[in-house]
Amino acid sequence: MLKINYKKLLIKKNKVPITCLTAYSKPLANILDGKVDLILIGDSLGTTLYGMKNTRSVTLEMMKNHGKAVVMNTKSSMTIIDMPYNTYRNKKEALKNALDILSFTKADFIKIETDKKNIDIVKYLTKNKIKVVSHIGVTPQKFSDFNKIKSVGKNTKDANNLLTLAKKLQDAGSKLIVLECINLHTSKKITNNLSIPTIGIGASKYCDGQVLVIDDILNLNPNTKKPKFIKNYYNIEKNIIKAVNSFAKEVKNKNFPSKKYSY
Ligand code: KIV
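Residues numbered from 1 in each chain as written. Predicted model: local features only at pLDDT ≥ 70, side-chain atom pairs only at ≥ 80, totals over all residues. Heavy atoms only, no water.

**Observations regarding the sheet that holds strand S8 (residues 209–212)**
Taking strand neighbours around the barrel as the criterion, the 8 strands line up as S1-S2-S3-S4-S5-S6-S7-S8 in a closed arrangement whose pairing is parallel. Taking each pair of neighbouring strands and ignoring which way they run, the sheet shows an average axis angle of 25 degrees. The pairing of strand S5 (residues 132–137) with strand S6 (residues 176–180) spans 5 bridges and is parallel. By the bridge assignment for S6, histidine 135 is matched with valine 178. (Pairing = 2+ DSSP bridges. Helix = DSSP H or I, 4+ residues; strand = E, 2+ residues; numbered from the N terminus. Axes fitted to C-alpha atoms, helices over the stretch in contact; angles between N-to-C directions.)

**Structural notes on empty space enclosed by the protein**
Under the criterion given, the structure shown has 1 cavity of 30 Å³ or more. Each pocket or cavity is described by its volume, and for the largest cavity that value is around 40 Å³. What lines the largest cavity is simply Cys20, Leu40, Ile80, Lys111, Val178, Ile199 and Val211. When grouped by side-chain class, the residues that make up the lining of the largest cavity number 6 nonpolar, no polar and 1 charged. (1 Å grid on protein atoms, 1.4 Å probe; cavity = no way out; pocket = protein on both sides within 12 Å on 5 of 7 lines; lining within 4 Å. Points joined across faces, edges and corners; volume = space filled by probe spheres on them. Nonpolar A, V, L, I, M, F, W, Y, C, P; charged D, E, K, R; others polar.)

**Examining the site of the ligand**
The ligand sits among Thr22, Leu40, Gly42, Asp43, Ser44, Asp82, Lys111, His135, Ile201 and Val213. Taking aspartate 43, its side chain carries an N or O atom lying 3.1 Å from an oxygen atom of the ligand. Protein coverage of the free-state accessible area of the ligand, which is 260 Å², stands at 94%. Each residue belonging to the shell around the ligand can be placed in one class, and the counts come to 3 nonpolar, 4 polar and 3 charged. (Near = heavy atom within 4 Å. Polar contact = N/O pair within 3.5 Å; in protein donor to acceptor, adjacent residues only side chain to side chain. Areas by Shrake-Rupley, 256 points an atom, 1.4 Å probe, with all protein chains shown as cover.)

**Some points on the pattern of salt bridges**
When their charged atoms lie close together, side chains carrying opposite charge are able to pair. All chains considered together, the criterion is met by 9 salt bridges. A salt bridge links aspartate 208 to lysine 13, with the shortest nitrogen-to-oxygen separation between them at 2.6 Å. Of this pair, aspartate 208 sits in the loop between strand S7 (198–201) and S8 while lysine 13 sits in the loop between helix H1 (6–12) and strand S1 (18–22); the two residues are 195 residues apart in sequence, bridging distant segments of the chain. Take aspartate 208 and lysine 13: they sit in the same class, and that class is buried. (Salt bridge = Lys/Arg side-chain N within 4 Å of Asp/Glu carboxyl O. Buried < 20%, exposed > 50% of the residue type's maximum accessible area, 1.4 Å probe, protein only.)

**Section: the layout of surface pockets**
In this structure, the second largest pocket occupies an estimated 460 Å³ of space. Around the second largest pocket, the lining is made up of 19 residues, and of these Asp115, Lys116, Asn161, Leu162 and Leu165 lie nearest the centre. Listed by contribution, the elements that provide at least two residues to the lining of the second largest pocket are S5 and helix H7 (156–171). In terms of residue count, the dominant contributor to the lining of the second largest pocket is H7 (6 residues). By residue class, the composition of the lining of the second largest pocket is 7 nonpolar, 6 polar and 6 charged.

**Concerning the domain arrangement of the protein chain**
Domain assignment breaks the protein chain into domain 1 (6–232) and domain 2 (236–263). Between the C-alpha centres of domain 1 and domain 2 the distance comes to 39 Å. (Domains from an automatic or database assignment.)

**A closer look at helix H8 (residues 184–192)**
Of all the residues in H8, the buried ones are Thr186, Ser187, Ile190 and Thr191. All buried residues of H8 lie within an arc of 130 degrees about the axis, which places them on one face of the element. The exposed residues of H8 that point more than 90 degrees off its buried face are His185 and Asn192. Where H8 is buried, its residues contact S5, H7, S6 and S7. Its side-chain oxygen 2.9 Å from the backbone nitrogen of histidine 185, asparagine 183 forms the N-cap of H8. (Arc of directions from axis to C-beta. Contact = heavy atoms within 4.5 Å.)

Set out below in structure tokens:
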């Protein structure tokens, strides 16, 4: 299968919705490759894989190692990797860490959580030939407690501020913009006013594409409280329990390993 490229993503805007899911490991990269346009190595791995309370303790080393495993096993989809918390506080720091993460992983894009204070960083990274995905609306790195997260862009002032920010980020060179937990009218307005694609998460069908955390759609973390925008497509927990119970039963009954599985 041919690799998707940025030109093809741009052509999809306003025509065919762009698909994106997270992956943090080789097996999931292999499964997702070519079935979605974009694979995101998100810093959500901190909470979903490592059981952290928020994404602030995710390190550059963690992102590099998971990123490399995913990119090495992705041939057709494009890859986006998150810059973790406190790794892009100023232009120089952002460039040094973006180059480090991209040279190690070979991902196609880096993603940073953006507000009006770091538009210059997007501009600087772009000037240095780094492909940047901006992330606006609810930006999880701002929250130490995810229970405090609420959707944004509901009133006119907030909607206009988000639209202005999105336009500035586009002008600064962002290749894509992730809109998280943004009111549907505001997402629609932002999407219609940009020439680059928007990828929504809890930001309505009016975005040019959608992203979700794969663990959430598979119900891999059944005991965590999920936001409204998550749709569960498959109950993998139920099937893992079935397999584990069968294994335990066969071991206890001495039915496993049988001759077939012995040397
Ligand atoms: O880290 C992540 O998985 C993300 C998505 C939720 C967009 O940033």
